[in-house]
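A closer look at the structure
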Amino acid sequence: MSQDYGSESPRAHAQTEHRRPARYLVVISAGGPMLALLFLDTREQVAEFDAGSEEAVQMISGLVATRGAEGAEWDRALQGHSAAERRAAEVYHLDV
């Protein structure tokens, strides 16, 4: 019979590299519903969620959007979206 009771003690914390913070939030239509896309400074997408969610509203509160994501820097990141969707997109630069 074991002499241990309850849960085992926590293990020592292993130091790992932190994730890089998202720098851009793009609000864009996806053929109807509005999506919020999070991108790193390299324009690599790291998250996608409903633009009407409370989290999206909190992230962009007080920020001013740039209209349109038509530049060459967005070509690869938004390749699945039409030119009209990219033109109407709102790009927020997140200060992290």
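What this report covers is the structure whose coordinates are included nearby. Values in this document were obtained by computation on a predicted structure and should not be read as measured data. (Residues numbered from 1 in each chain as written. Predicted model: local features only at pLDDT ≥ 70, side-chain atom pairs only at ≥ 80, totals over all residues. Heavy atoms only, no water.)

**A few points about the overall build of the protein chain**
This is how the line gets drawn: What counts as a helix is a DSSP run of H or I of at least four residues, what counts as a strand is a run of E of at least two, and both are numbered from the N terminus. Accessibility throughout is a Shrake-Rupley quantity obtained with a 1.4 Å probe, and a residue counts as covered only by protein chains that appear here. Under this rule, positive means Lys or Arg and negative means Asp or Glu; His and the chain ends count for nothing. To locate a charge, the coordinates of NZ of Lys, CZ of Arg, CG of Asp or CD of Glu are taken.
Scanning the protein chain from N- to C-terminus turns up two helices and five strands. Ordered by position in the sequence, the α and β elements of the protein chain form the string β-β-β-α-β-α-β. Its C-alpha atoms give the protein chain principal-axis dimensions of roughly 70 × 30 × 25 Å. Entry remark: accessible area of the protein chain is about 7200 Å², with carbon and sulfur atoms responsible for 49%. Between the centroid of the 9 positive side chains of the protein chain and the centroid of its 15 negative side chains there is a distance of 6 Å.

**Quick word on the environment of Ala84**
In this structure, Ala84 sits in helix H2 (residues 83-88). Here the alpha-carbon distance between Ala84 and Gly32, two residues 52 residues apart in the chain, equals 12 Å.

**What to know about the pairing of strand S5 (residues 90-93)**
Where we set the bar: When DSSP finds two or more bridges between two strands, those strands count as paired.
Where strand S1 (residues 24-29) lies against S5, four bridges are found, and the strand directions are antiparallel. Each residue of the ladder has a partner; that of Tyr24, found in S5, is His93. Pairing analysis gives two bridges linking strand S4 (residues 66-67) to S5, with the strands arranged antiparallel. For Thr66, the partnering residue across the bridge sits in S5 and is Val91.

**Some points on the pattern of salt bridges**
What counts, and what does not: The working definition used for a salt bridge is a side-chain nitrogen of Lys or Arg within 4 Å of a carboxyl oxygen of Asp or Glu. Here the term buried applies to any residue with accessible area under 20% of the maximum for its type, exposed to any over 50%, and partly exposed to those in between, with areas from a 1.4 Å probe on protein chains only.
Applying the stated rule across the entire model yields four salt bridges. Put simply, Arg20 and Glu44 hold a salt bridge, and the shortest N to O gap is 3.8 Å. Of this pair, Arg20 sits in the segment before S1 while Glu44 sits in the loop between strand S2 (34-39) and strand S3 (45-50), and the two are 24 residues apart along the sequence. With a relative accessible area of 46%, Arg20 lands in the partly exposed category. With a shortest N-O distance of 3.7 Å, Glu90 and Arg67 are connected by a salt bridge. Placement of the pair is Glu90 in strand S5 and Arg67 in strand S4, with a sequence separation of 23 residues. Classification of Arg67 as exposed rests on a relative accessible area of 56%.

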